[in-house]
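For reference, the chains in residue letters:
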Amino acid sequence: MKWIPIFTMCQTTQRKIYEQMRSQMGEELMNEQSAARTVRLILPVSVTGSRLRLCFKNADLQTGKIHRIVIAKCTESGQIAEGTAQTVTFQGESYLTVEGQGRKTSDSLRINVKAGEYLAVSAYSESVNLSVNSIESMMIQSEPGDLCDVTFQNVDPTPEFMRQRGLYMSPQFPMLSMIEIESEEAEPTVIGCLGDSITQQGYWFYPLLKRICREIPEKAVLLNAGIAGNRLCKDSPENYGTLFGSAGVKRIEEDIFEIPYINTIIFALGINDLMSGESEYDSKPSPSAEEFGRACRQVAERAGKANIHTVAYTLYPAFIDSDTEIGKKREALFHAYNDEIRRAGFDKVIELDPILKDPDGCQRYKEGMSQPDGLHLSDKGGAVLVETLCLEDLEH
């Protein structure tokens, strides 16, 4: 018997964003926005097993608290299967407290789950947790209240002042970093996806996970190591604290190589290195092609020494306004970064331009493939990307 990871999520602290929102919204509106709600992860399972355990990591300095966590079987839409809900405990207690920068693992739960079935993992917190993350395509959030045991409809958590600016918030799950399943016979390929918000949001990750469950159950698990705003070469800018994580070339040690039984990496970083330079996000220039290439080679060489198979995406064809000086610089770097990815030594390179880029030669996605911001994949774009992938390329 061994414990196999079936879900991961990187944790970063949202302290800077929380403080900014509180100053803009005021204490009363912030308290209303932070009202105790239930957040739910809807997880397709790709490996059959008989027991589960949950791991939590607090990336903030403030103690994190979750009042109740429940696991149940569910449908793809999140409808709870009657009689399957179980409360997660920690040394027999249902209330979870994790000290700042601390970790905790739950007691194991006996729950027989087969590959292809879905689990609902629900958490109810009465206090604000600053260590959170979201795979938004796999998560929903309720109206205020503890609804861990029942089916509920998703509620948009975005405050009005953000909606007026065209911004939105996704459901945030506090401190959850890994779910493991105990399996007697399974020896799946364990695939970790190192990426940014396009990975973290899940619009290609989630359909790929469902495809794995459907087409090669028991043979692979897909794990998300995406952090919004993350870059390969640079840490999160100082004015954002650690919100966007350490540089990918650094955090890969913990977020990928420490995953039990990891043997394949999908590398999907670089678009933020390109787009963040000389911007509101970071006033400093983007990394040079040489610097970016060194980091790519470092990832490929580190994985090779650990006998880990590597699959790299070229850059997403995000919109670049080529009529501006900064746009011209970025477009040149876009092609240079892609050349560096191709010659970095990854075992397999997936060319995204033929799949996603507008064929008329402009630097942008095909129509319907991106969200309105021109950067992030849409549902359609994610689905098209996943359907073109050969699953054999991912297996080690």
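Parameters at a glance
- The residue numbering used here restarts from 1 in each chain and proceeds along that chain's sequence as written.
- Given that this is a predicted model, residues contribute local features only at a pLDDT of at least 70 and side-chain atom pairs are listed and counted only at 80 or more, while totals for whole chains, interfaces and linings are drawn from all residues.
- In computing side-chain values, all of the structure's heavy atoms are included and hydrogens and water are not.
- The criterion is simple. A nonpolar core is a set of buried Ala, Val, Leu, Ile, Met, Phe, Trp, Tyr and Cys residues joined through side-chain atoms within 4.5 Å.
- Only protein chains enter the accessibility calculation, which uses a 1.4 Å probe; a residue is then buried when its area is under 20% of its type maximum, exposed when over 50%, and partly exposed in between.
- Only runs of H or I of at least four residues qualify as helices and only runs of E of at least two qualify as strands under DSSP, and these elements are numbered from the N terminus.
- Geometry is summarised by axes, namely lines fitted to C-alpha atoms with helices restricted to the contacting stretch, and by angles between N-to-C directions that run from 0 to 180 degrees.
- If an angle is under 35 degrees, it is roughly parallel; if it is over 145, roughly antiparallel; if it lies from 65 to 115, roughly perpendicular; otherwise it is oblique.
- Here a crossing is called left-handed whenever its near helix is offset anticlockwise from the far helix by less than a right angle, and right-handed whenever the offset is clockwise.
- The contact criterion used throughout is that any non-hydrogen atoms of two residues lie within 4.5 Å.
- Criterion used throughout: strands pair if DSSP finds at least two bridges between them.
- Pairs were defined over the aromatic rings of Phe, Tyr and Trp, the Trp ring being its six-membered one, requiring ring centres within 6.5 Å. Orientation was assigned from the angle between planes: stacked under 30 degrees, edge-to-face over 60, tilted for the rest.
- Sitting over a ring, as applied to charges here, requires NZ of Lys or CZ of Arg to be within 6 Å of the ring centre and within 35 degrees of the ring normal.

Draft legend 1. Quick look at the nonpolar core. Counting 114 residues, the largest nonpolar core has F56 and W204 as its most contacted members. Per-element accounting of this core gives the leading share, seven residues, to helix α8 (residues 289-305).

Draft legend 2. Seen up close, the packing of helix α6 (residues 248-255) against α8. One way to put it is that α6 packs onto α8 with a least axis distance of 10 Å and a crossing angle of 20°. When the axes of α6 and α8 are compared, the pair comes out roughly parallel. The chirality of how α6 crosses α8 is right-handed. Touching V249, I252 and E253 of α6 are A295, Q298, V299 and R302, all from α8.

Draft legend 3. A look at the sheet that holds strand β13 (residues 139-144). Taken in spatial order, the five strands make up an open sheet running β7-β6-β11-β3-β13, and their pairing is antiparallel. At either margin of the open sheet sits one strand with a lone partner, and together these are β7 (86-87) and β13. Relative to β13, strand β3 (residues 37-44) is paired through four bridges, and the arrangement is antiparallel. From the neighbouring strand, L41 faces β13, where its bridge partner is M139. Contacting β3 and β11 (118-124), helix α5 (residues 205-215) crosses the sheet at an angle of about 45° to β3.

Draft legend 4. Layout of the packing of aromatic side chains. Scanning the entire structure with this criterion turns up nine aromatic pairs. Judged by centre distance (4.1 Å) and plane angle (5°), the ring pair of F292 and Y337 falls under stacked. Linking F292 in helix α8 with Y337 in helix α9 (residues 325-342), this pair joins segments that are 45 residues apart in sequence. Y337 carries the same exposure label as F292, and that label is buried. Aromatic rings pair up to connect W204, F205, Y313 and Y316 into one cluster. Directly above the ring of Y261 sits K2, whose terminal nitrogen or CZ lies 4.7 Å from the centroid.

Without other data, these values stay purely geometric and don't point to any function.
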